[in-house]
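Breakdown of the fold
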Amino acid sequence: MNTMNNSRRNFIKTAGTLAIGSTLPISLVELAFAEGSQNFTFAYISDAHIQHIKDNRFVRNWDRGLIRAVAETNLLTPKPDFVMFGGDLAQLGSKPELDHGAQILSALHGNVHYVMGEHDYYLDLGEYWEKLFGPQYYSFGHKGVHFVVLNSIKTYDDWTFKRWPTAEQRMQEMAILDNPNGSPFMVGEEQRLWLKNDLDKVNKDTPVVVFSHSPLQKIYKGWNFWTDDADQVQALLKPFKKVSVIYGHVHQIQYNQIGNISFNSVMATAWPWPYPQSYAQAEQYLPKLTVPMNRADPFFDRDATGWQFINLANGNADLNFTLYNNTSRVVRYNEKQKRPEDVVYQDEKARIVPQTHY
Amino acid sequence: MRYVLLPTLVLIALFIFYKEANTNPLPEPATANPQSVTEENNLLGLPPVPIPANNPQTPAKIELGNKLFHDKRFSVDGTVSCAKCHNESHAFTDGLPVAVGHHGLTGTRNAPTVLNAAFNQTQFWDGREPDLEGQSKQPPVNPVEGGLANHEPILEITRTDPYYQTAFQSVFGVNGKELTIDHVSKAIASFERTLVSGNSAFDRYYFKGQTNAMTAAQVRGFQLFIGQGRCVSCHTIEQDHALFSDSRFHNIGIGINQIQQDIPRLTKAFLEAKNKGGEVDVMVLTDKKSSELGRFAVTNELSQIGAFKTPTLRNVELTAPYMHDGSLKTLKEVMVHYNNGGVSKADEQVNDFLSGGIRPLNLTDPQLDDLVAFMKALTSSKYAVPTPTQAAN
Ligand SMILES: [Fe+2]
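Residues numbered from 1 in each chain as written. Chains lettered and ligands numbered in written order. Predicted model: local features only at pLDDT ≥ 70, side-chain atom pairs only at ≥ 80, totals over all residues. Heavy atoms only, no water.

Topic: the overall build of chain A
To be explicit about the condition: Elements are defined by DSSP. Helices are runs of H or I of four residues or more, strands are runs of E of two residues or more, and each kind is numbered from the N terminus. Under the scheme applied here, a residue whose accessible area is under 20% of the maximum for its type counts as buried, over 50% as exposed, and between as partly exposed, the area being computed with a 1.4 Å probe on protein chains only. Whether two residues are in contact is decided by their heavy atoms, any of which lying within 4.5 Å being enough.
When helices and strands are tallied, chain A shows ten helices and 15 strands. Buried residues in chain A amount to 58% of all 358 residues. Here the analysis covers contacts within chain A between residues at least 6 apart in sequence; of these, 70% occur between residues at least 24 apart.

Put into structure tokens, the structure is as follows:
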């Protein structure tokens, strides 16, 4: 019934195209399929911390975070090749929590791979989790990339088996930050041996992506932003040309490069952690400060939480973060600098000064 | 002084507007005297009106904008002026759930008030236009509003009508082909910048310290508004003024709750259509389901599905029905929706994309009534309908 003025149509068309180029679902098409058969996308959801209150009641805030991430992930066009869940599905590792979380995740379209978090593990040492999601560590190949999933949140046997009168207390102790009774995470000898065998079969030119719950680097021990045998795991990854480690647990954006290994963290759907006071125990390992996230607005339950889709371009991981009440962020591998960089905040001078008062 | 006076020009402008509006009488308290200081008081609780440098206010421009705002010829059937949907007698709304354009065609959205739109950081429920100048270009050529194919018919009238010829010449120094739609929209925007109104019971209570300006129920409602109700985080109040909007976009569970199953199909289809040149204003105002996508339609951001701009609450008593789709008839229904944590009926399913700021409030029914009472303390005395006793005086 209506013929639009041409000039008007053209103007809006240009504006529309510009907008689409810079945003999510359609840009994904271009990113993922512009070049090369090795380029593909997967989504990553992590740290949901589903918390049981009693009977059929769960903490609403954490439920909503996971539900929202699942719903949004399902809208990605084209569909991601698979979805990762990065650990800490539960808060205290109980059956009701794992069941409830698994039920929310069951709405995801497509293949989902799971990583074990300490909040899932320390009640029954992963027994029920395994029933729901399968083995605690494994590897798989996809479009020329070798993916490895590790359970990086184990610790010394003495702590796990001999210290605590009950499983519940063991779980509680591991859930506390800055806990003098705590114990550092580790991958452990058994998995390192398995990893060595697994990697022996892989060509050194094949891009390798390792998923762990804790950072496979040493950042801050008091909060277990730490893996005790990180150096040994890194050594096993050293012979490969392109290695990415992607981890959850820290509830904030971190990225770093150590030798051939790129490190990226993913966001939590539950709540943000502030940046811990880093001590210079291993100075070169310090990741970049998460600038716009340093003060979450306590009113908006979802502020400073989010999820991400990851574009694997020529074997390097580019992370695209969807952040509520914040501008979306992209941490992309910089081919020249040979390290991951926030596309906006890479430069010291480009940073927003953290607020020091409230 | 806790509120800031506007430049004299604006005051003159307000006065001129007042004279104009007299031909179409406003519901005024019997005692109001337009030539007294009441116009100055009318701004109590408002910040200074932002005036763009390239469109300064002048009395003649405002007068011209007023004429344009009321001109029905700028539509395909000669019945649709801005004022049809933004009518003075309804506090610059139309009192309908969704707006009605030419030939009785209905759109998908509720006409918001133009009162205080001058303060909006973006225009429309989805913020698709940054300013008033851009906003007024859309309605005449929207298929369900003015229905014109393009802006030519408007320019033909303004270039040939003797009143407009003289007025555009004297205001902008343009005639004939030099007169473009930008001049038209600038004049309308100048007029709209005079449609600002504060001075409610709340303003006198809060900014003037008149403790008896609000009733006891309104004071309790105010406490809930800034406390347990969590309203103030979105409908903001500053130290020296209050616009009751954070200028941001939130999914509070209106409209979208009913179309949850369609969202995967809708978002995809919408983006495809947009990529092929589809215009956002046309798509969202002619298709009910696309309308519910909210801010997503403008930014393509998944995190903004179903999110709409926080509206001001000034004069909200006069602008029923409520929300972007006009789906809530009364202020009480609005309070129930919030109290339920983002669903209008308690058994409705919360939508997956709900804002993190919305959660069940656990307020009692009398508390909801207090919140409604507080909403009624936000009516500018200029527009307050006199109560029967006042009218009798
Ligand atoms: Fe964790």
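There's more to say after this.
Details of the environment of G107(B)
Residue and element names in this part refer to chain B. For G107, the location among the structural elements is in the loop between α4 (82-85) and α5 (132-135). A sequence separation of 125 residues divides G107 from V232, and the C-alpha atoms of the two residues are 30 Å apart. Leave out the neighbours within four places in its chain, and G107 touches V98, A99, V144 and L285.

Quick look at helix α3 (residues 60-73) of chain A
To keep things clear, this is the line we draw: The span one expects for a helix is its residue count, reduced by one, times 1.5 Å.
With 14 residues, α3(A) extends 20 Å between its outermost C-alpha atoms, agreeing within 8% with the 20 Å of an ideal straight helix rising 1.5 Å per residue. Along α3(A), 13 of the 14 residues are buried, which leaves the element largely enclosed by surrounding structure.

Digging into empty space enclosed by the protein
Residues and elements named next belong to chain B. Stated formally: The pocket and cavity definitions rest on a 1 Å grid over protein atoms only: a 1.4 Å probe that fits but cannot leave marks a cavity, an open set with protein on both sides within 12 Å along at least five of seven lines marks a pocket, and residues lining either have an atom within 4 Å of a point. Grid points are joined across faces, edges and corners, and a volume is the space filled by probe spheres set on the points. Each residue gets one of three labels, nonpolar for Ala, Val, Leu, Ile, Met, Phe, Trp, Tyr, Cys and Pro, charged for Asp, Glu, Lys and Arg, and polar for the others, Gly among them. Domain start and stop points were drawn from an automatic or database domain assignment.
Tallied over the full model, the rule gives seven cavities of 30 Å³ or more. Of the pockets and cavities examined, the second largest cavity occupies roughly 110 Å³. If you go around the second largest cavity, the residues you meet are N116, F119, N120, Q121, T122, L243, S245, S247, K309, T310 and T312. For the lining of the second largest cavity, the per-class residue count stands at two nonpolar, eight polar and one charged. The residues that make up the lining of the second largest cavity include at least three from each of domain 1 (1-46 + 197-384) and domain 2 (59-192).

Some details on the nonpolar core
Just so we agree on the cut-off: The set of buried Ala, Val, Leu, Ile, Met, Phe, Trp, Tyr and Cys residues whose side-chain atoms join them within 4.5 Å is what this entry labels a nonpolar core.
Residues I45(A), L66(A), F85(A), L89(A), L105(A), W307(A) and I305(B) are the most contacted members of the largest nonpolar core, which totals 55 residues. Ranked by residue count, the leading element in this core is α3(A), at five residues. Beyond its immediate chain neighbours, meaning those up to four positions away, L89(A) contacts A48(A), H49(A), I50(A), L66(A), L98(A), G101(A), A102(A), L105(A), D120(A) and F133(A). Core analysis: the second largest hydrophobic core is formed by 38 residues, L43(B), V114(B), A189(B) and L318(B) among them.

Focus on the coordination of the iron ion
Residues and elements named next belong to chain A. Rule in force here: For Na, K and Ca the donor cut-off is 3.2 Å, and for all other metals it is 2.8 Å, counting N, O and S atoms only; because water is absent from this set, sites may look incomplete.
Those donors, D88 (OD), E118 (OE), E118 (OE), H213 (NE2) and H249 (ND1), are the protein atoms that reach the iron ion, and they lie 2.0 to 2.8 Å from it. Between consecutive donors of the iron ion, the numbers of intervening residues give the motif D-x29-E-x94-H-x35-H. Residue H213 is located in the loop between β8 (208-212) and α10 (230-237), and its partner H249 is located in the loop between β9 (243-247) and β10 (255-258); the two are separated by 36 residues in the primary sequence. The class for H249 is buried, based on a relative accessible area of 5%.

As for the sheet that holds strand β14 (residues 329-334) of chain A
Residues and elements named next belong to chain A. Rule in force here: Here a strand pair is declared whenever DSSP counts at least two bridges between the two strands. Every axis in this analysis is a line fitted to C-alpha atoms, fitted for helices over the stretch in contact. Angles between the N-to-C directions lie between 0 and 180 degrees.
Strand order across the open sheet formed by seven strands is β5-β4-β1-β12-β13-β14-β15, with mixed pairing between neighbours. Each of the sheet's edge strands pairs with one partner strand only, and the pair in question is β5 (112-114) and β15 (339-342). Adjacent strand axes in the sheet meet at a mean angle of 25 degrees, parallel and antiparallel pairs treated alike. As paired strands, strand β12 (residues 306-313) and strand β13 (residues 316-323) are joined by eight bridges and run antiparallel to one another. Within the sheet, the bridge partner assigned to N311 lies in β13 and is D318. Across the face of the sheet, α3 comes into contact with β1 (40-45), β4 (83-85), β12 and β13 while running at roughly 165 degrees to β1.

Some words on the interface of chain A and chain B
Heads up, the rule is: When two parts are brought into contact, each loses some accessible area as probed by a 1.4 Å sphere; the total of that loss over both is the buried area. Note on definitions: salt bridges are taken to be side-chain nitrogens of Lys or Arg within 4 Å of carboxyl oxygens of Asp or Glu.
Contacts between the two partners involve 33 residues from chain A and, on the opposite side, 44 residues from chain B. Taken together, both faces of the contact between chain A and chain B bury some 3400 Å²; the carbon and sulfur share is 59%. Where chain A touches chain B, the interface holds one salt bridge. Close ionic contact of R359(B) with D301(A) constitutes a salt bridge, the shortest N to O distance being 2.8 Å. Secondary structure elements with two or more residues in the side of chain A that touches chain B: α1 (6-21), α2 (24-33) and α3 of chain A.

A short note on the pattern of salt bridges
Throughout the structure, instances matching the rule amount to 24 salt bridges over all chains. The salt bridge partner of K196(A) is D200(A), with a shortest N-O separation of 3.4 Å. Taken together, the residues span about one helical turn, with K196(A) and D200(A) both in helix α9 (residues 189-200) at a distance of four residues. Given a relative accessible area of 42%, K196(A) falls into the partly exposed group. A relative accessible area of 48% means that D200(A) is categorised as partly exposed. One salt bridge in this structure joins R220(B) and D370(B), with 2.9 Å as the shortest N-O distance. On the criterion of sequence distance, the pair formed by R220(B) in helix α11 (residues 216-226) and D370(B) in helix α17 (residues 365-375) is long-range, its members being 150 residues apart. Classification of R220(B) by relative accessible area gives partly exposed; the value is 44%.

Observations regarding the sheet that holds strand β7 (residues 145-149) of chain A
Residues and elements named next belong to chain A. Across the sheet, six strands lie side by side as β6-β7-β8-β9-β11-β10; this open sheet has mixed pairing. Because the sheet does not close on itself, it has two edges, and the strands there are β6 (138-142) and β10. Taking the axes of each pair of neighbouring strands and ignoring which way they run, one obtains an average angle of 20 degrees across the sheet. Inspection of the sheet shows β7 paired to β8 by four bridges, in the parallel sense. Along β8, the bridge assignment pairs V149 with F211.

Observations concerning the environment of N120(B)
Residues and elements named next belong to chain B. To keep it simple, the criterion reads: Definition of a polar contact: a pair of N or O atoms within 3.5 Å, with one able to donate and the other able to accept a hydrogen when the atoms are protein atoms, and with sequence-neighbouring residues admitted only if both atoms are side-chain atoms.
In this structure, N120 sits in the loop between α4 and α5. Look at N120 and you get partly exposed, because its relative accessible area is 27%. Put simply, N120 and A167 are 47 residues apart on the chain and 28 Å apart in space, counted from C-alpha to C-alpha. In terms of polar contacts, N120 uses its side chain to reach the side chain of Q123, at 3.3 Å.

Considerations on the domain arrangement of chain B
Residue and element names in this part refer to chain B. What the domain assignment lists for chain B is domain 1 (1-46 + 197-384) and domain 2 (59-192). Between domain 1 and domain 2, the contact holds 39 residues from the first and 37 residues from the second. Counting each side, the surface lost to burial between domain 1 and domain 2 is near 3400 Å², with a carbon and sulfur contribution of 62%. Between the two partners, domain 1 and domain 2, sit zero salt bridges. At the junction of domain 1 with domain 2, the criterion picks out 13 residue pairs in polar contact (both at pLDDT 80 or more). Broken down by secondary-structure element, the contributors of at least two residues to the side of domain 1 that touches domain 2 are α1 (8-22), α13 (280-286), α14 (288-291) and β2 (308-309). When its residues are assigned to classes, the side of domain 1 that touches domain 2 shows 21 nonpolar, ten polar and eight charged.

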